[in-house]
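# Architecture at a glance
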Amino acid sequence: MLSSVTVSASAPDFRCGPPPPPFGAPSGPGVMTPDLDEEEETKSKDDLDQPWQVIIHNDPVNLMSYVTVVIRKIFGYNQQTAERMMLEVHHKGRSIVWSGDKERAELFVHQLHEHQLLATMSKVDG
């Protein structure tokens, strides 16, 4: 036996309170906005302007030949440069393979991670 279900044309309104403010608008009288000093803005801009280093660290998993191939592929170095960097990683435990702006350093570290290499980035002390 089938029973009939009555569906209301309008769904009940479960919202509590007024609708949210438009995107980017302050949300009420108690809203605090961050007060940025010029010094803070300059400091963060200086952080971006300072060079960053991409560092490959030694790991017990990857073959030296594989590390060389990955360095050549990602950074475009010639065979001799890539082998020198790989040997530095092997003997000293790490090698700085690139230095430059922060966004590109982040990209290179991400690409190295995609190739299963242990890599980090650090700000150049200046």
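Being a predicted model, the structure only gives us computed values, none of them experimental.

## Some points on helix 3 (residues 79-92)
For helix 3, built from 14 residues, the straight-helix expectation of 20 Å at 1.5 Å per residue is met to within 8% by its first-to-last C-alpha distance of 20 Å. Within helix 3, the full set of buried residues consists of Ala-82, Met-85, Met-86 and Val-89. Along the long axis of helix 3, the arc covered by the buried residues comes to 100°, so they all point the same way. For helix 3, the exposed residues set more than 90 degrees away from the buried face come down to Gln-80, His-91 and Lys-92. Residues of helix 3 that are buried in the fold lie against strand 1 (52-57), helix 2 (64-75) and strand 2 (94-100). Gly-93 sits one or two residues past helix 3 and shows a positive phi near 95°.

## A look at the packing of aromatic side chains
With the rule as written, the count across this model stands at three aromatic pairs. Measuring from ring centre to ring centre gives 5.6 Å for Phe-75 and Tyr-77, while their planes differ by 15°; the resulting arrangement is stacked. Residue Phe-75 is classed as buried on the basis of its relative accessible area, which comes to 13%. Ring geometry for Trp-98 versus Phe-108: centroids 4.9 Å apart, planes at 70°, classification edge-to-face. Placement of Trp-98 in strand 2 and of Phe-108 in helix 4 (residues 102-114) is noted, with a sequence separation of 10 residues between them. Classification of Trp-98 by relative accessible area gives buried; the value is 14%. Members of the aromatic cluster, connected to one another through ring pairs, are Phe-75, Tyr-77, Trp-98 and Phe-108.

## Describing the nonpolar core
If you look at the biggest cluster of nonpolar residues, it comprises 20 residues, and the most contacted ones within it are Val-54, Ile-56, Ile-71, Phe-75 and Leu-112. For this core, the secondary structure elements donating two or more residues are strand 1, helix 2, helix 3, strand 2 and helix 4. For this core, the element with the highest residue contribution is helix 2, accounting for five residues. If sequence neighbours within four positions are ignored, Ile-56 has contacts with Ile-71, Val-89, Gly-93, Arg-94, Ser-95, Val-97, Leu-112, Leu-117, Leu-118 and Ala-119.

Rules of the game
Residues numbered from 1 in each chain as written. Predicted model: local features only at pLDDT ≥ 70, side-chain atom pairs only at ≥ 80, totals over all residues. Heavy atoms only, no water. Helix = DSSP H or I, 4+ residues; strand = E, 2+ residues; numbered from the N terminus. Expected span 1.5 Å × (residues − 1). Buried < 20%, exposed > 50% of the residue type's maximum accessible area, 1.4 Å probe, protein only. Arc of directions from axis to C-beta. Contact = heavy atoms within 4.5 Å. Phe/Tyr/Trp six-rings, centres within 6.5 Å; stacked < 30°, edge-to-face > 60°. Core = buried A, V, L, I, M, F, W, Y, C linked by side-chain atoms within 4.5 Å.

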